[in-house]
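These are the residues of each chain, in order.
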Amino acid sequence: MKKILSILVFIGIALSVFADEVVFKANAPSQVIAGRPFQLTYTVNQRCRDLNAPEFTDFDVLAGPYSSTSSSISFVNGRRTSSYEQTYTYTLMAQRTGTFTIGPASIKVDGSNYQSNGVRIQVLPEDQQPQQTASQGRGQGQQSSQGSQGSQVSSENLFVRTITTKTKVHEQEAFMIMYKLYFANVDVAQLTNNTKLPEFTGFLKQELEQGEIQTELEHYNGRNYQTAVLYRTILYPQHSGDITIDPARFEAVLRVQTRQQVRSIFDDFFGSYTNVTKMLTAPGVTIHVAALPGGKPAGFSGGVGKFTLTPSISQTELQANDAVTIKLDISGSGNMKLLKTPSIDWPEGFEPYDPKVTNNFKTTSSGVSGTKSIEYLAIPRSAGDYTIPAVHFSYFDIEDKAYKTLSTPEYTLHVKRGAGSSAGNSSGEEGAVVYHAHKEDIKQLGSDIRYIDAKPLQRKAKAQSSLIDYQYLWMWYVLPLVLAGIVLVVLRKQMLENADITRVRYKRANKVAQKRLKAAAAALKANNKDAFYAAIEQAAWTYLSDRLSIPTADLNKENITSILQQKGVSETLIADVKNVLSTAEFARYAPSTDHAMDDLYTATTNLINNLEEQKI
C-alpha cells in the first residue's frame with residue numbers, strides 16, 4: 001500500500017512539473033543614457049539550452065551572457081510546490097541617441113523552441129558640461145529654502161516646471177496643466193504636505209487620477225534628470241481673454257550630506273546625512289482664450305470638441321398605447337460633461353416621458369472622451385401616420401475651427417389602432433379616452449357615462465343650511481383670522497432666521513461636518529483612499545467656513561489662524577487645525593507620503609468636537 005502511495009505521489013509531482021507553462025521573458029530599462037552601461041536579462045522558468053540572442057546592432061556588448069540559476073521547494077499543508085529560474089545577463093552600452101528595438105531571443109525547452117518578447121529602449125544624450133554662469137531661466141521660477149544646507153542645492157539640480165499642453169485655446173476647449181519635478185545629483189527623500197495649488201479661477205477643473213508617483217529619466221536643457229509628476233488636471237476655460245494661473249508651491253525634504261569633523265572611522269566610512277527642506281515654486285502661466293466665433297447655429301448649446309451622432313429607433317410600426325424609443329449616442333471627446341440633452345418635438349397625440357441619460361466617460365490627458373447615450377420614450381395614444389422631425393445637435397469642431405450640426409433622420413411611424421384606442425383625435429364624447437394618473441393604461445368609458453341630476457342635492461343642502469344656529473356664525477369668521485395670524489407670526493420668525501445666513505451656517509456647521517465624516521468612515525472601511533481624503537478635506541474646510549463665517553473665496557489657513565487667535569483659541573488647538581488641513585490636502589497629491597488614515601479620521605473628529613466646545 002505504501003509503495004502504491006509513493007508511486008502516486010511521484011506521478012503527481014511529475015505531472016505538476018510538466019504542467020508548468022514555459023515563461024521566457026526579456027527585461028531591460030525603458031530609458032538609458034548614451035555612453036553608460038546597462039543590463040539586459042533573459043529569464044525562463046524551465047531548464048533550457050541553446051540560447052539564441054538577437055543581433056545587438058545598435059548597442060555594444062560589454063559583457064555576457066552570464067548564466068545563473070535559482071530553485072526552491074516548499075511544502076505547505078502536505079502539498080509540494082517548486083520553482084525554478086534560469087537567467088542570462090548581458091551588459092550593453094548605446095553609442096548614439098534614439099529609440100531602438102531589441103528583437104526576441106529564442107531557447108529550447110524539452111526539444112521545443114520558445115521566443116521571448118522584444119524590448120524597446122529610448123537612449124538619451126549624455127549630459128552637457130555645465131557652464132560657469134548664473135542659472136539661466138528654465139521657467140521653474142525662483143526657489144526659496146529653509147536652512148543653509150538646503151540653500152546650497154542649486155536650482156539647476158532641483159526645480160518644478162509648469163507644463164501645459166496648450167497656451168492658446170478656445171472657450172470650453174480642454175487642455176492639461178501639469179507640475180513636474182526635476183532633480184539631478186540630489187536625494188529627494190519625500191514631499192511634505194506644505195503644498196499650495198492655484199485656484200484655477202476662470203476654469204472648470206477635471207482632476208486626473210494621480211496614482212502612485214513614479215520617476216523616469218528625461219533629457220531637458222542638455223541634462224538628464226529624474227522626473228516625477230506631482231499634479232495634473234484638465235481645465236476648461238469659461239470665458240475669453242488672457243487668464244493667468246497663479247504659481248504653485250511645493251516643499252521637498254532633501255537628504256544632504258553634512259560637512260562636519262570626522263569623529264570616528266564609521267563617520268568617515270558611511271558619511272553623515274541630515275534632512276533639510278527646500279521650497280520649490282512652479283511659475284504661473286497665462287492662457288490665451290479665444291472667443292467662439294459668431295454665427296452660432298440655432299441648436300448650439302456650448303459643445304466644444306469632436307463628436308459623432310448615432311441615432312436609432314425601436315420600431316416604426318406599432319399599435320396605439322405601445323411605447324416607441326428613440327436612442328441617440330453622442331460620442332467623441334471634448335466638454336462631454338457639459339453637453340445639453342437635445343429635445344424631440346413629438347407629434348400631437350404622443351405622451352412623452354423624461355429622457356434617460358447614461359454617461360460612459362473617461363478622463364485622459366487629452367480631455368474627456370466617451371459616449372453620452374440618451375433614450376427618449378413616448379406612447380402614441382391614437383392610431384394614424386405620424387412624422388417625428390429630425391433632431392439637431394450642433395457643436396464647435398475644435399479641429400476644423402468651425403460649427404458643425406449633426407442631425408437624425410425624420411422617422412415616419414405607422415400607428416395601428418390597438419385595444420381600447422381610437423383613430424385620430426380623441427376629443428369626441430363617444431369613445432372618449434380617459435388617461436390614468438400614471439400614464440400606463442387607458443380605459444374606454446364610451447356610453448357608460450351617465451349624467452347626474454344636481455337639483456335634488458341643491459334642495460337638500462338648502463334645507464340643511466336653514467338648521468344652522470346663526471348665533472355661532474361669528475366663530476366661522478374669527479377662527480380663520482386667528483389661525484392666519486399664528487401662521488403669519490411663525491413664518492415671519494422663520495424668514496428672519498433664514499435671512500441671517502451667517503447664523504444658519506453657524507447652526508448647521510456640525511451637522512454638515514458629521515455628514516462628511518460619515519462618508520469618510522465609509523470610504524475608510526472600503527479602503528478607498530481618494531474618497532476618504534476628499535471627504536475628510538471637505539468636512540474640515542466646510543466646518544471651518546461655516547463655523548467661523550468665512551466666505552469660501554477667502555478661506556485659507558492664514559485667515560483661519562487669524563480668526564481663531566482673535567477668538568482666544570489655544571495655540572495647541574490652532575496647531576491641530578493646521579495639521580489636519582495640511583495632511584488632508586496634501587495626501588491627495590502625494591500618495592507616496594505615509595499617512596495613517598485611521599489617525600487622520602480620529603484627529604479630524606476630535607478637532608471638530610473640540611471646536612464645538614469652544615465659544616467661538
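Residues numbered from 1 in each chain as written. Predicted model: local features only at pLDDT ≥ 70, side-chain atom pairs only at ≥ 80, totals over all residues. Heavy atoms only, no water.

Any chance you could explain the side chain of Asn-157 here in plain terms?
Counting through the fold element by element, Asn-157 comes out in the loop between helix 2 (148-151) and strand 12 (158-164). On the accessibility criterion, Asn-157 (18% relative accessible area) is buried. Polar side-chain contacts of Asn-157 include one of 2.8 Å to the side chain of Arg-223. Once you skip the residues sitting within four places of it in the chain, Asn-157 turns out to touch Tyr-182, Phe-183, Ala-184, Val-186, Arg-223 and Tyr-225. (Helix = DSSP H or I, 4+ residues; strand = E, 2+ residues; numbered from the N terminus. Buried < 20%, exposed > 50% of the residue type's maximum accessible area, 1.4 Å probe, protein only. Polar contact = N/O pair within 3.5 Å; in protein donor to acceptor, adjacent residues only side chain to side chain. Contact = heavy atoms within 4.5 Å.)

Please clarify how the confidence of the model for the protein chain should be interpreted in this entry.
Low-pLDDT stretches of the model should not have their predicted coordinates read in fine detail. Per-residue confidence for the protein chain gives a mean pLDDT of 76, with 75% of residues at or over 70. Within the protein chain, strand 34 (residues 433-435) has the poorest average pLDDT of any element, 35, and strand 22 (residues 285-290) the best, 94. When the criterion is pLDDT under 50, residues 13-19 qualifies, and its contacts beyond four places in sequence or with other chains add up to two contacts. This stretch, residues 423-452, has a pLDDT under 50; its non-local contacts, to residues over four places away or in other chains, come to 36 contacts. (pLDDT = per-residue confidence, 0-100.)

When you look at the sheet that holds strand 8 (residues 106-109) in this model, what are you seeing that I'm missing?
Strands in a sheet are paired, the pairing made by backbone hydrogen bonds, and the direction either parallel or antiparallel. With antiparallel pairing, three strands are arranged side by side in an open sheet as 4-8-9. In this open sheet, the two edge strands, each paired with only one partner strand, are strand 4 (49-52) and strand 9 (112-115). For this sheet, the mean inter-axis angle between neighbouring strands, taken without regard to orientation, is 25°. As judged from the four bridges shared by strand 8 and strand 9, these two strands associate in the antiparallel manner. Paired with Val-109 across the two strands is Ser-112, which belongs to strand 9. (Pairing = 2+ DSSP bridges. Axes fitted to C-alpha atoms, helices over the stretch in contact; angles between N-to-C directions.)

Just to check I follow, could you spell out the sheet that holds strand 22 for this structure?
With respect to topology, three strands assemble into an open sheet ordered 13-22-19, the strand pairing being mixed. Each of the sheet's edge strands pairs with one partner strand only, and the pair in question is strand 13 (168-170) and strand 19 (241-245). Taken pair by pair, the neighbouring strands of this sheet meet at an average axis angle of 35°, ignoring direction. Both strand 13 and strand 22 contribute to a ladder of three bridges, which runs parallel. Across the sheet, Val-169 pairs through a bridge with Val-289, a residue of strand 22.

Would you explain the pattern of salt bridges in this entry?
Between side chains of opposite charge, a pair can form when the charged atoms approach closely. For the coordinates displayed, the defined rule picks out 11 salt bridges. Lys-166 is the salt-bridge partner of Glu-173, the closest N and O atoms lying 2.6 Å from each other. Residue Glu-173 is classed as buried on the basis of its relative accessible area, which comes to 5%. Where Lys-205 meets Glu-207, a salt bridge forms, and the shortest distance between an N and an O atom there is 3.5 Å. Connected through shared salt-bridge partners, Lys-306, Asp-397, Glu-399, Asp-400 and Lys-404 make up one network. (Salt bridge = Lys/Arg side-chain N within 4 Å of Asp/Glu carboxyl O.)

What exactly am I supposed to notice about the environment of Ala-282 here?
Of note, Ala-282 is situated in strand 21 (residues 273-282). Judged by its relative accessible area of 0%, Ala-282 falls in the buried class. The spatial distance from the C-alpha of Ala-282 to the C-alpha of Val-160 is 5.2 Å, given a sequence separation of 122 residues.

Whenever I open this one, the side chain of Thr-91 confuses me. Can you help?
As for its position among the elements, Thr-91 is in strand 6 (residues 79-94). Those residues in contact with Thr-91 that sit more than four places away from it in its chain are Pro-37, Phe-38, Gln-39, Asp-60, Val-61, Leu-62 and Ala-63.

I tried to follow the environment of Gly-103 on my own but got confused; where do I start?
Structurally, Gly-103 can be placed in the loop between strand 7 (98-102) and strand 8. Owing to a relative accessible area of 26%, Gly-103 belongs among the partly exposed residues under this scheme. The spacing of Gly-103 and Ala-53 is 50 residues in sequence and 8.5 Å in space, taken between C-alpha atoms. The residues contacting Gly-103, other than those within four sequence positions of it, are Tyr-42, Pro-54 and Gly-118.

Mind showing me how you'd approach the packing of aromatic side chains here?
Two aromatic rings are characterised by how far apart their centres lie and by the angle between their planes. According to the stated counting rule, one finds 19 aromatic pairs in the structure shown. Both rings, one in Phe-307 and one in Phe-393, keep their centres 6.0 Å apart while their planes meet at 75°; by these two values the pair is edge-to-face. Separated by 86 residues along the polypeptide, Phe-307 in strand 23 (residues 300-313) and Phe-393 in strand 30 (residues 392-397) bring together distant segments of the chain. Residue Phe-307 shares its accessibility class with Phe-393, and that shared class is buried. For the ring pair Trp-346 and Phe-350, a centre distance of 5.9 Å and an interplane angle of 20° mean the geometry is stacked. Considered together, Trp-346 and Phe-350 belong to a single accessibility category, that of buried residues. The rings of Phe-24, Tyr-42, Phe-56 and Tyr-90 are connected pair by pair, giving a single aromatic cluster. (Phe/Tyr/Trp six-rings, centres within 6.5 Å; stacked < 30°, edge-to-face > 60°.)

Got a minute to help me understand the environment of Thr-69 in this structure?
With respect to the element layout, Thr-69 can be found in strand 5 (residues 59-76). Residue contacts for Thr-69: discarding those within four places in its chain leaves Tyr-84, Glu-85 and Gln-86.

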